[in-house]
Structure formats: C-alpha cells, structure tokens
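# Architecture at a glance
This is what each chain is made of:
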Amino acid sequence: MKLRLNKLMAGLVMAGGAVALVGCGGGDAPTLVVKANSVTSITNTPAAVATTKVLVEAATGAAFTLPALSFDNAVSTSAAAAAPVGAVLEISTATPAAGTITAATIAAFKITAPTGAAAGEVNGVVDAGSCRFRVTSSTGVFAASWVVGQIYVKNPCQITLPVANAAVGATVQTPVNLTLGTSTVTATNKTVTVTVTPGTGNTATISVGGSTITVEPLPTGSAT
C-alpha cells in the first residue's frame, strides 16, 4: 500500500496539473487540493459575460482601493481618465438606472475620491471586453476627465478567486481580486462562497451560487 501511494504521488507531481495530493497520516485517505486560482478574463463572449455576471452578483458591493490608474478613452482622442491613489472602485449588479444595459453589460460601477481629498464621484456601467467603463455621471474632481457618455478602457481586466489549496469537496470563503492592467487589487469588505466539487471525468468544478465558474483538470498518474 505504501509503495502504491508513493507511485501515485510521483505521477501527480510529474503531471503538474491543477491539483495536488496533500499528505495524510494514520492511514487516512489522501486529499486532493486545487493548486491554481480561478481566473475569469472579462472578454466579450457569451460564456465570459455569463460567468462574470454570476461573480458580480455574488460580489455586489465589493470595494477596491485603487493605485494611481489611467483609463484610455475608447471613443475619442481626448485625454485619458484618471483615478488617483486611494480612490475606491465599487462594483454591483447593473440595473437600468445605471445606464443603458447591453448584452455585454456586466456590472454597475462607482468610483469615489480618496478619503481626505477633494470630493468627487463617477458612476456608470461596465461592459465586457477590456473592461469598458461607460460614464453616466461624474462630479467634483472627476468631472473634467471622466466625461459623461464616454467609454474608458482598461486592459487586461480579470476577476480572480484565490482558491489555491482549497480541498476538493470543500466550500470556502475567498476574497475577490480584480486585475486592471498591470495592477491587482483585493476587495477587503467582501468575500465570495466558493464550492469545489469533483467534476465529470478527471476534473474539479469551481462553482459560485450554483453556477460553474471554471472546470480544472485533475492530474493523472498510473502505477507501473
């Protein structure tokens, strides 16, 4: 039995897949854990839009404190829009009141000025594909660069659930990581409930709210 387990572990290491076999003692069965985080790239495809909407619904109200960021204008050659250090980006489920909803719309957004700075706020909707921030209102320090009716783009744009080391069969609470360009920020006020279950065949399924977010292949190894 010991020899068989050693061979299985060797096969898993050689496979280098998305999960690992963690140690066990006292004759207990080994546990498979996810090695890779679940990353959703917010591209403008039906599958990505559907997945992102599930994540936004689960993470509604998540607030991300931003570093200094510049968003390119996708509509005109006017100046890029700026978010100063400490500005807070909040995402929530998009509603008609937040702007015109399209098939690509994944969320509503609000950016507020840093604490202690001159007041200001930007509101709008986020469309998949880069992401695209469509402005419906802007006030105060944001009014000059965040022009109503314009679309500002940040690429790449990803939502990551850090599920590495979550055991297959477990339900865990994870923070939400948002990547905008080269910067990744974490919501400190919100977690998401994630379920990791055995998938069809040799896979593990990462689910949120009963919807599949990603399916991770399990490594294979056979004793010889």
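Description of the structure in this document. (Residues numbered from 1 in each chain as written. Predicted model: local features only at pLDDT ≥ 70, side-chain atom pairs only at ≥ 80, totals over all residues. Heavy atoms only, no water.)

### Considerations on the nonpolar core
Counted only if it meets this: To qualify as a nonpolar core, a set must consist of buried Ala, Val, Leu, Ile, Met, Phe, Trp, Tyr and Cys residues joined through side-chain atoms within 4.5 Å. Three exposure classes are used, based on accessible area relative to the maximum for each residue type with a 1.4 Å probe and protein chains only: buried under 20%, partly exposed in between, and exposed over 50%. In this description a helix means any DSSP run of H or I spanning at least four residues, a strand means any run of E spanning at least two, and both kinds are numbered starting from the N terminus.
Core analysis: the biggest nonpolar cluster contains 47 residues, and Phe64, Phe71, Phe133, Trp146 and Leu180 have the highest contact counts within it. With five residues, strand S14 (residues 183-198) is the single largest residue contributor to this core.

### A look at the state of the cysteines
Rule in force here: Any cysteine sulfur atom paired with another within 2.5 Å is treated as part of a disulfide.
Under the criterion given, the structure shown has one disulfide. Each sulfur in the disulfide pair cysteine 131 and cysteine 157 lies 2.1 Å from the other. Taking the torsion about the sulfur-sulfur bond, which here is approximately -80°, the covalent link between cysteine 131 and cysteine 157 counts as left-handed. Within this pair, whereas cysteine 131 is found in the loop between strand S9 (120-127) and strand S10 (132-140), its partner cysteine 157 is found in strand S12 (residues 157-161), the two being separated by 26 residues in sequence. Like cysteine 131, the residue cysteine 157 is buried in the burial classification.

### Some remarks on unusual backbone geometry
Cysteine 131 follows serine 130 through a cis peptide bond whose omega is 25°. A cis geometry characterises the amide bond from asparagine 155 onward to proline 156, with omega recorded as 0°. In this structure, serine 130 is a non-glycine residue whose phi angle is positive, near 115°. Examined against the element boundaries, serine 130 turns out to sit in the loop between S9 and S10. Of note in the backbone geometry, asparagine 165 takes a positive phi value of approximately 80° without being a glycine.

### As for the pairing of S10
Just so we agree on the cut-off: The rule for pairing is simple: two strands pair if DSSP sees at least two bridges between them.
Direction of pairing for S9 relative to S10: antiparallel, over a ladder of eight bridges. Bridging from a neighbouring strand, glycine 124 pairs with valine 135 of S10. What sits between S9 and S10 in their antiparallel hairpin is a turn of four residues, with glycine 129 showing a positive phi close to 105°. Alignment of S10 against strand S11 (residues 151-153), held across three bridges, turns out to be antiparallel.

### Concerning the sheet that holds strand S5 (residues 69-73)
Threshold: Axes, fitted as lines to C-alpha atoms, cover a helix only where it is in contact. Angles between the N-to-C directions of the axes lie from 0 to 180 degrees. Contacts are assigned to residue pairs with any non-hydrogen atoms lying within 4.5 Å of each other.
The eight strands lie next to each other as S4-S7-S8-S9-S10-S11-S5-S6, forming an open sheet whose pairing is antiparallel. Lying at the two open borders of the sheet, with one neighbouring strand each, are strand S4 (63-65) and strand S6 (81-83). Neighbour-to-neighbour, the strand axes of this sheet turn through a mean angle of 30°, independent of strand direction. Bridge count for S5 against S6 is three bridges, and the pairing is antiparallel. The residue of S6 that forms the bridge with phenylalanine 71 is alanine 81. Helix-sheet contacts for helix H2 (residues 46-58) involve strand S7 (88-92) and strand S8 (105-112), and the interaxial angle to S8 is about 45°.

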